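Structural overview
Listed below, chain by chain, are the residues.
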Amino acid sequence: MKTTDLPAVFSTGRKTILRPLNKATDLASIVRWVNDPEVQQYVGMFLPSTLEQEKAWLEKLDNDDKNIVFAIETKPAKGRPGTFIGLMGLHGINWKDRVAETGAIIGDKRYWGRGYGTDAKMQVINYAFNAMNLRKLTSAALAYNQRSLRYSIHCGYKVEGTRKRQIFKDGEYRDLIILGLFREDWLPIWRKYQRTGRVK
Ligand SMILES: CC(C)(COP(=O)(O)OP(=O)(O)OC[C@H]1O[C@@H](n2cnc3c(N)ncnc32)[C@H](O)[C@@H]1OP(=O)(O)O)[C@@H](O)C(=O)NCCC(=O)NCCS
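1. What to know about the overall build of the chain
Each helix and strand counted, the chain has 6 helices and 8 strands in total. Going from the N terminus to the C terminus, the chain shows its helices and strands as β-β-α-α-α-β-β-β-α-β-α-β-β-α. A compact globule built from 200 residues should have a C-alpha radius of gyration of about 16 Å, and the chain, at 17 Å, falls within 12% of that. With respect to the principal axes defined by its C-alpha atoms, the chain has extents near 50 × 40 × 35 Å.

This is the structure in structure tokens:
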């Protein structure tokens with residue numbers, strides 16, 4: 001691998017790295033993922049999205065102090081470069097109350113349910129609490145999105161409530177589960193994760 005091919009690593013976990021998004025190379029994957037019905041069933045998006053729209057979204061992020069989105073890549077192994085598999089973000093950052101909402105998409109479905117999301121999420125939480133000095137993170141997941149609920153709960157989030165019949169998906173109004181995470185509840189999990197690579 002040439003030095004020029006190496007990613008701009010922002011944070012390194014056990015299975016993944018977080019890096020800044022790259023407009024030149026990331027757009028095609030993002031467009032594929034956000035239009036994929038299997039991904040859309042779990043997220044708020046429901047409209048088709050073009051390359052131009054995703055490019056405009058990325059450009060807007062450049063001057064946005066309320067939203068930060070990282071690319072998730074698998075860690076390079078045995079001289080092979082990592083694979084760009086998803087997005088991990090902090091949204092609605094509120095610098096007064098020191099809160100933000102986490103959100104993620106692993107768009108490459110081959111990587112679902114194999115611990116990559118948890119690893120990337122632990123890194124973004126570490127950044128939010130230990131670099132940005134945020135106090136609390138929230139998250140929201142459709143009640144049927146068990147994988148998302150479970151990975152958030154493994155990271156220390158607690159269910160704070162249910163927005164009943166909030167989101168229209170696949171012909172029905174679905175419940176939305178609201179979760180919250182305080183730094184003090186996450187710190188022991190983080191220490192354990194750093195030591196053992198396990199969250200539970
Ligand atoms: C949600 C998402 C980011 C989680 O990342 P991930 O890498 O798949 O999650 P992980 O493998 O780290 O952890 C998933 C947990 O759910 C479990 N899980 C996996 N598949 C599951 C399923 N079908 N049902 C219930 N739990 C499941 C995993 O085993 C793990 O829990 P465990 O350690 O107790 O076994 C990813 O699956 C994704 O992007 N999905 C599509 C979009 C989405 O849902 N985004 C979030 C919107 S709120």
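2. With respect to the side chain of T16
Relative to the assigned elements, T16 resides in strand β2 (residues 16-20). Relative accessible area serves as the criterion here: at 0%, T16 is assigned to the buried category. At 2.9 Å, the side chain of T16 forms a polar contact with the side chain of Q123.

3. Notes on the site of the ligand
Near the ligand lie 23 residues; those nearest to it are I106, G115, T118, R150 and H154. Measuring from an oxygen atom of the ligand, one finds a side-chain N or O atom of T118 at 2.5 Å. In the environment of the ligand, an oxygen atom lies 3.1 Å from a nitrogen or oxygen atom belonging to the side chain of K200. The set of elements that each furnish at least two residues to the shell around the ligand consists of β5 (99-106), α4 (116-130), β6 (136-142) and α5 (146-154). If one sorts the elements of the shell around the ligand by residue count, α5 sits on top with 6 residues.

4. Focus on the environment of M122
Tracing the chain through its elements places M122 in helix α4. Take M122: its relative accessible area is 0%, and that puts it in the buried class. Separated by 67 residues in sequence, M122 and I189 place their C-alpha atoms 9.2 Å apart.

5. With respect to α4
Across its 15 residues, α4 extends 21 Å between first and last C-alpha, which sits within 8% of the 21 Å expected from 1.5 Å per residue. Most of α4 sits inside the fold, with 12 of its 15 residues counted as buried.

6. Thoughts on the nonpolar core
A general feature of soluble globular proteins is that nonpolar side chains tend to end up buried together. L90, M122, I125, L137 and W186 are the most contacted members of the largest nonpolar core, which totals 34 residues. For this core, the element with the most residues is α4, which contributes 7 residues. Aside from chain neighbours lying at most four places away, what touches I125 is N130, L137, C155, Y157, L181 and W186. Counting residues in hydrophobic clusters, the runner-up holds 11 residues, among them V34, L58, L61 and V69.

7. Things to note about the sheet that holds β2
Across the sheet, which stays open at both edges, the 8 strands sit in the order β1-β2-β3-β4-β5-β6-β8-β7 with mixed pairing between neighbours. Each edge of the sheet is formed by a strand with only one pairing partner; in this case those strands are β1 (11-12) and β7 (158-169). Where β6 lies against strand β8 (residues 172-182), 7 bridges are found, and the strand directions are antiparallel. Of the residues in β8, the one forming a bridge with A141 is I177.

Parameters and conventions
- Position labels on residues start from 1 in each chain and follow its written sequence.
- Whole-chain, interface and lining totals are the exception, using all residues; otherwise, since this is a predicted model, local features are given only for residues with pLDDT of at least 70 and side-chain atom pairs are given and counted only at 80 or more.
- Computation of side-chain values covers all heavy atoms of the structure but excludes hydrogens and water.
- By definition, any uninterrupted DSSP run of H or I lasting at least four residues is a helix, any uninterrupted run of E lasting at least two residues is a strand, and each is numbered from the N terminus.
- Here the globule rule is a power law, 2.2 Å times the number of residues to the power 0.38, and the radius of gyration is based on C-alpha atoms.
- Accessible area is worked out with a 1.4 Å probe on protein chains only. A residue is then buried under 20% of its type maximum, exposed over 50%, and partly exposed in between.
- We define a polar contact as two N or O atoms separated by no more than 3.5 Å, with the added condition that, inside protein, one atom must be a possible hydrogen donor and the other a possible acceptor, whereas residues neighbouring each other in sequence contribute only through side-chain atom pairs.
- Nearness here has a simple test: a residue counts as near a molecule or strand if at least one of its heavy atoms is within 4 Å of that partner.
- Every helix has an expected span of 1.5 Å times one less than the residues it contains.
- By nonpolar core we mean a set of buried residues, namely Ala, Val, Leu, Ile, Met, Phe, Trp, Tyr and Cys, connected to one another through side-chain atoms within 4.5 Å.
- Contact definition: two residues touch when any of their heavy atoms are within 4.5 Å.
- Strands pair, by our definition, only if DSSP identifies at least two bridges between them.

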